[in-house]
Amino acid sequence: MDGKLAIEGGTPIRAAPFGPSHEFGDEDIAAVGDVLRSGFNRHPGREFEREFAARHGVKHAIGVNSGTSAMHVCVGAINPDPGDEIIVTPWTAGGSIIGALLHNCVPIFADVDDTFTLDPQDVEAKIGPRTRAIIAVHLFGNPCDMDALQEIARRHDLFLIEDCAQAHFARYQGQVVGSMGDIAGFSFGGKHLSAGGGGAVLTDNEVLWERALLFSDAALPRDPGPYAGRPYANYFLAPNYKLNAMMAAVLRVQLEKVDGYIAGKINAAHQLFEHLADIDEVTPQRVRPGDRHTYWGLRFTLDSERLGCSADEFAAAVSAEGVQAAGPYIGSGQEGPLYRNPFLAEPNCYGASRFPFDYGRERPVDYRLVQCPNGEELMGRGFGLPISPFHTQEDVEDIAQAVRKVVAHYRS
Ligand SMILES: Cc1ncc(COP(=O)(O)O)c(C=O)c1O
């Protein structure tokens, strides 16, 4: 092997591109065709909702048009007051909290540990008189410490919202994610279960379900639905986040295959871990014993001190070898974590005002001052490798070899 890094003009480990992360076929096309041929009179949404809820052992599912919408519906269902606080991890997609902000809530950030999910102790430390909810984001597919978060939520009378966008069918101590909080949101935009977009909300709570369903559909009195029979009107302020019938059709087909898809991803991840096990400078995201990580993302922490390079430099060098790698998640060190993203650090959510960050407060919350030291240290050294259920043996070997080559270069 030519030891010279491709980024410095050497020969890349891998020349051919990797395959797609999802496969859609004749069954998906036929299902979409049925919807179109019916002139959109056929809507498989209710069937998908029933099947998706049943797969989680939860009473109710509501299909929506994105994960961002799903997370907004979760907040809309609990109906907080302006200025209420919601505790969340800063290492997540903006979609986890955009709905909370649109609902005039104030995100309060708690630190993470080496599972890259919320540290329950710091969550508890961040609870104040205006806290209404905790959002537990199962990041990259790794479940949060749900026993601890459930216990904290119960003791402080808070809603526990699960963000399962990246974690379809992950399990915390045997229990599937999305079935442990008061309400949960999912994204179907390129996640394990994908329709190229879409999302869903799950809940066992009848009161939350009624409001969530109405909230996802402009609070209109649909039949069937909680307000059926009432005069046609918008009953409270709510967006239209309904799931499109064509997406629902694809999701029904994909739901049949998702177990195999996830098993393939887990298998590929485990193979890669085996290949990389002897590289001390590269540590995988920690999974609690007894939990099932479903690897939407395959993420590591780099010992950048020992290697003398940043995670961004490392990822760029691996990518140049023909293996598309990613640096820190949510741009840590640049715009990340979320509290350094411009939508919070330069707050202008509503015109030139500081609302909702100053609502009912002597001083507005200033996200430029927020710090989560443990997460900043860990996530700033984060990098990701491509993971797919369709990885061949050769793909896995190429990925491992690219990492090995770059590590060997920086070690010397
Ligand atoms: C953790 C998390 N929450 C919410 C979202 C928002 O989902 P969507 O992109 O479908 O709006 C994403 C999207 O990637 C996500 O990763």
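Refer to the preceding data block for the structure.
What counts as what
- Residues numbered from 1 in each chain as written.
- Predicted model: local features only at pLDDT ≥ 70, side-chain atom pairs only at ≥ 80, totals over all residues.
- Heavy atoms only, no water.
- Helix = DSSP H or I, 4+ residues; strand = E, 2+ residues; numbered from the N terminus.
- Rg over C-alpha atoms; globule rule 2.2 N^0.38 Å.
- Buried < 20%, exposed > 50% of the residue type's maximum accessible area, 1.4 Å probe, protein only.
- Contact = heavy atoms within 4.5 Å.
- Areas by Shrake-Rupley, 256 points an atom, 1.4 Å probe, with all protein chains shown as cover.
- Lys, Arg positive; Asp, Glu negative; His and termini not counted.
- Charge placed at Lys NZ, Arg CZ, Asp CG, Glu CD.
- Axes fitted to C-alpha atoms, helices over the stretch in contact; angles between N-to-C directions.
- Parallel < 35°, antiparallel > 145°, perpendicular 65-115°, else oblique.
- Left-handed = near helix turned anticlockwise from the far one by under 90°.
- Nonpolar A, V, L, I, M, F, W, Y, C, P; charged D, E, K, R; others polar.
- Core = buried A, V, L, I, M, F, W, Y, C linked by side-chain atoms within 4.5 Å.
- Salt bridge = Lys/Arg side-chain N within 4 Å of Asp/Glu carboxyl O.
- Phe/Tyr/Trp six-rings, centres within 6.5 Å; stacked < 30°, edge-to-face > 60°.
- Lys NZ or Arg CZ within 6 Å of the ring centre and 35° of its normal.

A. Examining the overall build of the protein more closely. Of the regular secondary structure elements, the protein holds 13 helices and 12 strands. For 412 residues, the compact-globule formula gives about 22 Å, and the C-alpha radius of gyration of the protein, at 22 Å, lands near that figure. Its C-alpha atoms give the protein principal-axis dimensions of roughly 75 × 60 × 40 Å. For the protein, the proportion of its 412 residues judged to be buried stands at 56%. In the protein, once contacts between residues fewer than 6 apart in sequence are set aside, the share between residues at least 24 apart is 71%. Here the protein displays about 17200 Å² of accessible surface, and carbon together with sulfur accounts for 50% of that area. Of the charged side chains in the protein, 36 are positive and 54 negative, and the gap between their average positions amounts to 4 Å.

B. A look at the packing of helix 3 (residues 67-78) against helix 7 (residues 206-215). Running from N to C, helix 3 and helix 7 point in directions that differ by 125°, and their axes come no closer than 8 Å. With respect to their mutual orientation, helix 3 and helix 7 come out oblique. Along this stretch, helix 3 crosses helix 7, giving a crossing that reads as right-handed. In this structure, helix 3 contributes His-72, Val-73, Gly-76, Ala-77 and Ile-78 to the contact, and helix 7 contributes Leu-208, Arg-211, Ala-212 and Phe-215. When grouped by side-chain class, the residues that make up the contact of helix 3 with helix 7 number 6 nonpolar, 2 polar and 1 charged.

C. Layout of the nonpolar core. Of all hydrophobic cores here, the largest spans 125 residues; its most connected members are Phe-52, Phe-109, Ile-161, Leu-298, Phe-314, Tyr-367 and Leu-385. For this core, the leading source of residues is helix 8 (residues 245-276), giving 12 residues. If we ignore the near neighbours within four places in the chain, the residues touching Ile-161 are Met-71, Cys-74, Val-75, Ile-78, Ala-133, Ile-134, Ile-135, Ala-136 and Ile-183.

D. Expanded view of the packing of helix 10 (residues 311-320) against helix 13 (residues 393-411). Two elements in contact, helix 10 and helix 13, have axes whose closest approach is 9 Å; the angle formed by their N-to-C orientations is 130°. The angle between helix 10 and helix 13 falls in the class oblique. The handedness of the crossing between helix 10 and helix 13 comes out as right-handed. Contacts between helix 10 and helix 13 pair Glu-313, Phe-314, Ala-317 and Val-318 from the former with Ala-402, Val-403, Val-406, Val-407 and Tyr-410 from the latter.

E. Local environment of the pattern of salt bridges. Scanning the entire structure with this criterion turns up 25 salt bridges. Glu-206 is paired through a salt bridge with Lys-59; the nearest N and O atoms lie 3.7 Å apart. Of this pair, Glu-206 sits in helix 7 while Lys-59 sits in the loop between helix 2 (45-56) and strand 1 (60-64), and the two are 147 residues apart along the sequence. A residue is classified by how much of its surface remains accessible, and Glu-206, at 37% relative accessible area, is partly exposed. What makes Lys-59 exposed here is its relative accessible area of 54%. Where Asp-114 meets Arg-286, a salt bridge forms, and the shortest distance between an N and an O atom there is 2.7 Å. One end of the pair, Asp-114, is in the loop between strand 3 (106-109) and helix 5 (120-125); the other, Arg-286, is in the loop between strand 10 (282-284) and strand 11 (298-302), and 172 residues separate them in sequence. The network of salt bridges with common partners includes Arg-42, Glu-47, Glu-51 and Arg-252.

F. Representation of the packing of aromatic side chains. Considering all chains together, one arrives at 19 aromatic pairs under this definition. Three or more aromatic residues joined by ring pairs form one cluster here, namely Phe-48, Phe-52, Phe-169, Phe-186 and Phe-188. Directly above the ring of Phe-18 sits Arg-14, whose terminal nitrogen or CZ lies 4.0 Å from the centroid. Its end group placed over the ring of Tyr-227, Arg-230 keeps NZ or CZ at 3.7 Å from the ring centre.

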